[in-house]
Amino acid sequence: MEAASITASRIAPTTASRLWANTREFLDQYGLIILLLAMPVAYGIHDILEDHSLSHLLRNIKEGLSNGAIYAIIALGYTLVYGIIELINFAHGDLFMIGTATSASVLAWLIGPIGLLLACVAALLIAMITCASINAMIERIAYRPLRGAPKLAPLITAVGFSFLLVNVGQLWLSGQHVSVGDPIDNSVAFFTVFDVPFTHGDAIAFGVAIPLLLALTAFITTSRLGKAMRATAQDPEAARLMGINVDTTISVTFIIGGLLAGAAGLMWALYQNDVYFFQGFQAGLIAFTAAVMGGIGNLKGAVLGGLIIGCIQVINDDRWNATWTPAVVFIYLILIMVFRPRGLVGEETREAG
Amino acid sequence: MSALTQARASLTPAFMKNERQRRTASRVLAVALIVFVAILPLFFPLTATFVNTSTIALAYIVMALGLNIVVGFAGLLDLGYVAFYALGAYAMGWFGSTYFVKEGSSASINVFAGPEAKGQVGIHFNFLLILLAAVVICAIAGILIGLPTLRLRGDYIAIVTLAFGEIIRVIAVNGESIHLFGYELTNGKKGITPIDVPSLPGYGTLPIQDFNLRPWYWLALVMVLVVLFCNIRLRDSRLGRAWIAIREDEVAATSMGIPAVKTKLLAYATGAAFGGMSGAFLGAYLRTVNADQFEFSFSILILAMVILGGLGSIWGVVLGAAVLSYIDRQIIQETGPNLLKDLGITIDASQLGFGVFGFLLVVMMVLRPEGLLPERRRKLEFEEGVGTGETMLEARVT
C-alpha cells in the first residue's frame with residue numbers, strides 16, 4: 001500500500017494522493033510525538049481551565065519520573081541481557097522481587113543497631129550482591145548449557161527459574177505483604193517549586209538511579225569489559241575471533257543486570273514501602289514493556305521507556321482509574337510498535353534488523 | 001542412461017519400502033495409543049481425580065496444538081495465547097448460561113439447548129453451536145491481534161501479543177464496569193456461573209461433573225482427535241509448507257511468491273480458533289468463567305508445553321502438553337504430597353508447588369533442549385548444525 005501510493009503520486013500527482021502521501025509522511029515523523037504528548041497536553045489544558053495552574057500535572061509528572069526511575073533500572077537488566085544473547089530473561093522481574101525482600105530484611109535487621117543511613121547503604125550493597133550472585137548462578141545453570149540449543153529453549157528455563165524464585169520469595173515472606181514501614185519519611189519535602197514538592201522518596205529514586213546510570217554508561221563505554229560486551233552484542237562469533245572470552249562477557253552482563261535489580265529492589269522497598277512475593281511478575285512485565293518500548297537492546301531506550309511508562313501510570317492512576325492502568329500502558333505499547341516497529345530509539349539489533 | 005534407470009529401479013523401491021514401513025508402523029502405533037487412551041477411564045471410578053486431570057490435560061493438548069501452529073509452524077512467538085482461552089470461555093458463558101438476565105425479566109433465548117435449559121431465562125444455545133461461535137470469534141480476534149505484528153520481527157511480535165493478552169485480561173477483570181445494552185460484559189472475578197451442561201445430538205445431555213466424568217473425558221478426546229487430524233492435514237498442506245517456509249526464512253519465502261501477510265494471518269486465525277474451542281470446552285467443564293483463570297502464566301504454561309514437547313512436532317506437542325498437565329495437576333497437587341505424607345515428612349507441600357514445577361521445567365529443558373520428540377527437520381538441524389540462525393549465538397546475516 002505504501003509503495004503503491006508513492007508510485008501513484010509520482011506518476012499522476014493528483015490532489016488526493018498527494019494529500020495522502022503528505023499525511024503519511026507527517027504521521028511517520030510526528031505521529032509518535034503527538035501520541036506521547038496527547039495525554040499530558042490534554043490534562044494540562046484541563047488543569048489551566050479548571051485550576052488556572054499546571055502544578056497538578058507537574059506533580060503527576062514528577063511522581064511518574066520517580067516511579068519510572070525504578071522501572072528504568074529494572075528495564076536495563078532486561079535490555080542488557082537481550083542485547084547480548086537475545087533472550088527475554090523472564091526471571092529478571094522475580095530477581096528484582098528477591099532484591100526487595102533482601103532490602104526489607106536487611107533494613108528491618110540493621111536500622112536499629114547502626115542507624116538509618118548506614119542501614120540503607122548496607123541494604124543496597126547486600127541486595128545488589130545477592131541479586132548479582134543469583135543472576136550469575138542462573139546464567140551458569142540454566143542458560144549456558146543451552147547456548148547451542150534452539151532459540152526458545154532458554155526462554156523456558158528462564159520461566160522455570162522465575163517460578164523457583166517466586167517460591168523462594170513466598171517461603172521467605174511467608175506468602176504475605178510485608179511492610180517496610182516508612183523509614184525515610186517518604187512524603188516529607190526538601191523544597192517546593194511551583195507547588196511541586198521534592199520529597200525524600202524522590203531523592204532516593206533519583207539519588208540511586210542517576211549515579212548508577214552514570215557508572216553503567218562509563219563502564220560500558222570506556223572499560224575493557226564494557227567494550228567486550230558491546231562487541232559480543234554486535235557479533236558474538238567475530239568477538240570470539242578477536243580474542244574476547246564470550247562466556248566471561250556474558251557472565252559479566254548477567255552480574256551487572258543482577259546488581260541493577262538489587263538496587264531497584266532497595267529503591268522499591270524505600271519508595272513503595274511494601275514487599276510481596278508476586279510483585280516481581282507485575283514489575284517485570286512493566287519493565288520489560290519499557291525495554292521494548294525504547295527499543296530492546298538499547299540502554300538509552302530502556303531508561304526512556306521506563307520514565308514514559310512511569311508517567312503514563314501515575315497520570316492514569318491519578319486522573320482516571322488505577323484498575324485500567326495496565327491496559328492503558330499496553331495500548332500505548334501497541335501504538336508505539338505500530339508507529340515505530342523498532343521502539344523509540346531502537347537500533348538495529350541482530351534479530352530486528 | 002540405462003545405468004541410471006537401473007540404479008533408480010534398485011534404489012527407489014528400497015527407499016519407498018522403508019518409508020512405507022515407517023508409516024505403517026507409526027499408524028499402528030497411533031491407533032493403539034488412541035484405543036488405549038479411549039478405554040483408560042474405564043479402569044478408574046466414575047469421578048476419579050485422575051479422570052478429571054486427564055480431561056483437563058486433553059483440553060490443554062488442544063490449546064498446545066493450536067499454539068504450535070503459530071509458534072511451531074509459522075515461527076511467530078505468541079505470549080498472549082490466553083486471550084483466546086478467555087474469548088472462547090466467555091463465548092460459552094455468554095451464550096450458554098443465565099447470565100444475561102435483567103431483574104424481574106423472564107426473557108429467554110433457547111436454540112437446541114436441550115431439555116435442561118427449557119424454560120430457563122437467559123441465552124441458551126446448543127453446546128456445538130457455541131463451540132462454533134467460539135471458533136469464529138477467536139479466528140477474527142486472532143487476525144485482529146495479528147495485524148499490528150505484521151511489520152514487526154522476532155521478539156517484538158512476542159511483546160505485542162503479550163500486550164493484547166494482558167488487555168483482554170484487564171477487560172475481563174473490569175468487565176463489570178463495561179455496559180452493553182444495559183448488561184455487564186463480564187462478571188469479573190466473581191465469574192459467570194453456572195454454565196449449561198452440554199446437550200449433544202444423538203447422545204442427550206451430559207451427566208453433571210459430580211456424578212460421572214467419563215462422557216466429559218470422551219468429549220474432550222473427540223475434540224483432540226478432530227484437532228489432531230486438522231493439524232496433521234494442515235502441516236502437510238500447501239499452507240502448512242508455506243508456514244514452515246516463512247519460519248525458516250521470511251525473505252526467501254516471500255521472494256518465492258508466498259504471500260507473507262495472508263500466510264501469517266491464517267496461522268494466527270487457525271491457532272486462535274483451536275484455542276477458542278478448548279476455552280469454550282473448559283468453560284463448560286469447569287462450570288464457571290472467571291477472570292482469575294486468564295493470567296499471563298497460563299500463556300507461559302501452554303508455551304512451555306509446545307517448546308518442551310518439540311516446536312513444530314505434532315506428537316511432541318501432544319506429549320509435552322500431557323506431561324506438563326500431569327506434573328502440574330496430578331504429581332504436584334496429589335501424588336507428591338501423598339508420597340511425602342507416607343514417608344512421614346511433614347512439609348506443607350502446597351507451598352512448594354511453584355518451585356517444584358519450575359525446577360522440573362529447568363531440568364527437562366537442560367536435558368532435552370530440542371524437545372521431547374523433536375520435529376525431524378529441527379532434529380537434523382540441531383544434530384548437524386545446519387541451522388538458519390536459530391540458535392542463541394549465531395549471528396544473523398539478514
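Residues numbered from 1 in each chain as written. Chains lettered and ligands numbered in written order. Predicted model: local features only at pLDDT ≥ 70, side-chain atom pairs only at ≥ 80, totals over all residues.

Summing up its helical and strand segments, chain A has 13 helices and four strands in all. Against the 2.2 N^0.38 benchmark of 20 Å for 353 residues, chain A shows a C-alpha radius of gyration of 22 Å, consistent with a compact globule. By its C-alpha atoms, chain A is 80 × 60 × 35 Å across when sized along the principal axes. When contacts within chain A are restricted to residue pairs at least 6 apart in sequence, long-range pairs at least 24 apart make up 74% of them. (Helix = DSSP H or I, 4+ residues; strand = E, 2+ residues; numbered from the N terminus. Rg over C-alpha atoms; globule rule 2.2 N^0.38 Å. Contact = placed C-beta atoms within 7 Å.)

As a further point, take the domain arrangement of chain A. Residue and element names in this part refer to chain A. Per the domain assignment, the segments making up chain A are domain 1 (1-52) and domain 2 (68-339). Relative to domain 2, the C-alpha centre of domain 1 lies at a distance of 35 Å. Taken residue by residue, the interface counts six residues in domain 1 and six residues in domain 2. (Domains from an automatic or database assignment.)

All names here are of chain A. The backbone phi angle of E86 is positive, close to 55°, even though this residue is not glycine. Even without being glycine, N273 reaches a positive phi, approximately 65°. Relative to the helices and strands, N273 resides in the loop between α10 (246-272) and β4 (274-275). Among the residues examined, N273 registers 17 C-beta atoms within 10 Å and is labelled partly exposed. (Buried ≥ 20, exposed ≤ 12 C-beta atoms within 10 Å, placed from the backbone.)

What follows is about the sheet that holds strand β3 (residues 122-125) of chain B. Residue and element names in this part refer to chain B. Pairing within the open sheet is mixed, and its three strands lie in the order β1-β3-β2. The open sheet terminates on both sides in strands that have one partner only, identified here as β1 (96-97) and β2 (108-111). For β1 and β3, the ladder comprises two bridges, and the chain directions are antiparallel. The partner of G96 across the bridge, within β3, is H124. (Pairing = 2+ DSSP bridges.)

In this section: the nonpolar core. Judged by nonpolar contacts, the single largest core of 227 residues is most densely connected at A72, I73, A263 and M267 of chain A together with A64, A304 and M305 of chain B. Per-element accounting of this core gives the leading share, 17 residues, to helix α3 (residues 55-85) of chain A. Sequence-distant contacts of A304 of chain B, defined by excluding residues within four places in its chain, comprise I156 and V159 of chain A together with L324 and L361 of chain B. (Core = buried A, V, L, I, M, F, W, Y, C linked by C-beta atoms within 7 Å.)

Okay, the interface of chain A and chain B next. At the junction of the two partners, chain A supplies 49 residues and chain B supplies 43 residues. Those elements that place two or more of their residues in the side of chain A that touches chain B are α6 (153-172), α9 (236-241), α11 (279-294) and α13 (325-339) of chain A. Here the residues of the side of chain A that touches chain B sort into 33 nonpolar, nine polar and seven charged. (Nonpolar A, V, L, I, M, F, W, Y, C, P; charged D, E, K, R; others polar.)

A few words on the pairing of strand β2 (residues 189-193) of chain A. For a regular strand, the rule is simple: side chains alternate between the two faces of the sheet. All names here are of chain A. With zero of its five residues buried, β2 lies for the most part at the surface. Relative to strand β3 (residues 196-199), β2 runs antiparallel, the two being bridged by four bridges. Bridge pairing in β3 links F191 to F198.

Residues and elements named next belong to chain A. Where helix α4 (residues 92-114) meets helix α5 (residues 116-143), the closest approach of the two axes is 8 Å, and the angle between their N-to-C directions is 150°. One way to sum up the angle between α4 and α5 is to call them roughly antiparallel. Handedness of the crossing formed by α4 with α5: right-handed. Residues L95, I98, G99, T102, S103, V106, L107, L110, I111 and I114 of α4 form the contact with α5, whose participating residues are L116, L118, A119, A122, A123, I126, A127, T130, C131, I134 and N135. (Axes fitted to C-alpha atoms, helices over the stretch in contact; angles between N-to-C directions. Parallel < 35°, antiparallel > 145°, perpendicular 65-115°, else oblique. Left-handed = near helix turned anticlockwise from the far one by under 90°.)

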